[in-house]
Amino acid sequence: MKRPARILGLVVAATLAVGGVGVTAALNDRPQDARPIQDPPAGPTPTQDPAQTNSLGPTETAPNAQPAPNAPVPVPPTPEETTAALNRARQGEALNEIAPPAEEEDEEEDEVEVVEAPTEPEGPPPPRQRRRVAVVQAVDKVTAESIRFEVEVGGRPVAFKRELIFRVRACEVSAEEERDQEAAGYLEISLQPRGVITGSEPRQLFRGWMFSSSPGLGVLEHPVYDAWLVDCRA
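Residues numbered from 1 in each chain as written. Predicted model: local features only at pLDDT ≥ 70, side-chain atom pairs only at ≥ 80, totals over all residues. Heavy atoms only, no water.

1. Some words on the overall build of the chain
- In terms of helices and strands, the chain carries 2 helices and 9 strands.
- Ordered by position from N to C terminus, the α and β elements of the chain give α-β-α-β-β-β-β-β-β-β-β.
- Put simply, the chain has 234 residues, and 20% of those count as buried.
- Nonlocal contacts in the chain, meaning residues at least 24 apart in sequence, comprise 55% of its contacts between residues at least 6 apart.
- Accessible surface, the chain: about 19,700 Å² in total, of which carbon and sulfur atoms supply 54%. (Helix = DSSP H or I, 4+ residues; strand = E, 2+ residues; numbered from the N terminus. Buried < 20%, exposed > 50% of the residue type's maximum accessible area, 1.4 Å probe, protein only. Contact = heavy atoms within 4.5 Å. Areas by Shrake-Rupley, 256 points an atom, 1.4 Å probe, with all protein chains shown as cover.)

Here's what the structure looks like:
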């Protein structure tokens, strides 16, 4: 009697284990609601101690003197300055009469600066760096509601307004050696309208690469919703 009871217990344990795996897989496939990303608050501005405002030491009182005039006071030149100015003027007139201004015989040719074209790097471009989380921006064109949220690569899908479902298969950023930094992600966007049976397959709206610097390359075409890739994070 002990052996059949032991076999029956093993069968029941195996059935419960298989059922638990199926429930876990079903929960992972069910989309979760999108949660907005909040930027970190800026730190408080440090207060300045009034006692330390004057770091240059004690101030000195102004000496007693006559106040400055409102208008400039003309200063007459001295006789020596007047005589020197007249002599310089006479010498200048005599030089102009004797020696006419010389004309430039040869004009200097303009020098042309030759700029070399930048050389392109040899070999293939460096590989992109993969990231674990994609940052997506979604907008409802009717209500003007906008939200920025995260979607894990290969993880649980995220639903915007419980209708627009996002799945991310890959998210990469440019290597540090590249001149233009860019993020690229492979997204799958589906639509499951409200009131439809949950077990029905959602209608796929977009599948392909989206680029953060060029949103026009990968476009979600829908009359109500719009979405694009913002960044890829570790």
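2. A closer look at the nonpolar core
- If you look at the biggest cluster of nonpolar residues, it comprises 25 residues, and the most contacted ones within it are A138, F149, V151, F160, L164, F166 and I189.
- Looking at this core, the elements with two or more residues in it are β3 (133-140), β4 (145-152), β5 (158-160), β6 (164-173), β7 (183-191), β8 (203-211) and β9 (225-233).
- Of the residues forming this core, the biggest block, 5 residues, is contributed by β6.
- Ignoring sequence-local partners within four residues, the contact set of A138 consists of E145, S146, I147, F149, F160, F166, D226 and A227. (Core = buried A, V, L, I, M, F, W, Y, C linked by side-chain atoms within 4.5 Å.)

3. With respect to the packing of aromatic side chains
- Summed over all chains, the structure comprises 3 aromatic pairs.
- Ring geometry for F160 against Y225: centres 5.8 Å apart, planes inclined by 75°, an arrangement best described as edge-to-face. Taken together, the residues span a long stretch of sequence, with F160 in strand β5 and Y225 in strand β9 at a distance of 65 residues. Across the pair, Y225 and F160 agree in class, each one buried.
- Ring geometry for Y186 against W209: centres 5.6 Å apart, planes inclined by 75°, an arrangement best described as edge-to-face. With Y186 in strand β7 and W209 in strand β8, the pair connects residues that are 23 residues apart, well separated along the chain. (Phe/Tyr/Trp six-rings, centres within 6.5 Å; stacked < 30°, edge-to-face > 60°.)

4. Things to note about the pattern of salt bridges
- Summed over the entire model, instances satisfying the criterion amount to 7 salt bridges.
- Residue D33 is joined to R162 by a salt bridge in which the shortest nitrogen-to-oxygen separation is 4.0 Å. With D33 in strand β1 (residues 32-33) and R162 in the loop between β5 and β6, the pair connects residues that are 129 residues apart, well separated along the chain.
- Connected via shared salt-bridge partners are D140, E145 and K161. (Salt bridge = Lys/Arg side-chain N within 4 Å of Asp/Glu carboxyl O.)

5. Things to note about unusual backbone geometry
- In this structure, A144 is a non-glycine residue whose phi angle is positive, near 60°.
- The residue A144 is located in the loop between β3 and β4 in this model.
- Judged by relative accessible area, which is 63%, A144 ranks as exposed.
- Non-glycine residue K161 carries a positive phi angle of around 55°.
- Locating K161 in the fold gives a position in the loop between β5 and β6.

6. With respect to the sheet that holds β3
- Here 3 strands make up an open sheet; going across it, the order is β4-β3-β9 and the pairing antiparallel. Of all the strands in the sheet, just β4 and β9 have a single pairing partner and so form its edges. Neighbour-to-neighbour, the strand axes of this sheet turn through a mean angle of 20°, independent of strand direction. (Pairing = 2+ DSSP bridges. Axes fitted to C-alpha atoms, helices over the stretch in contact; angles between N-to-C directions.)

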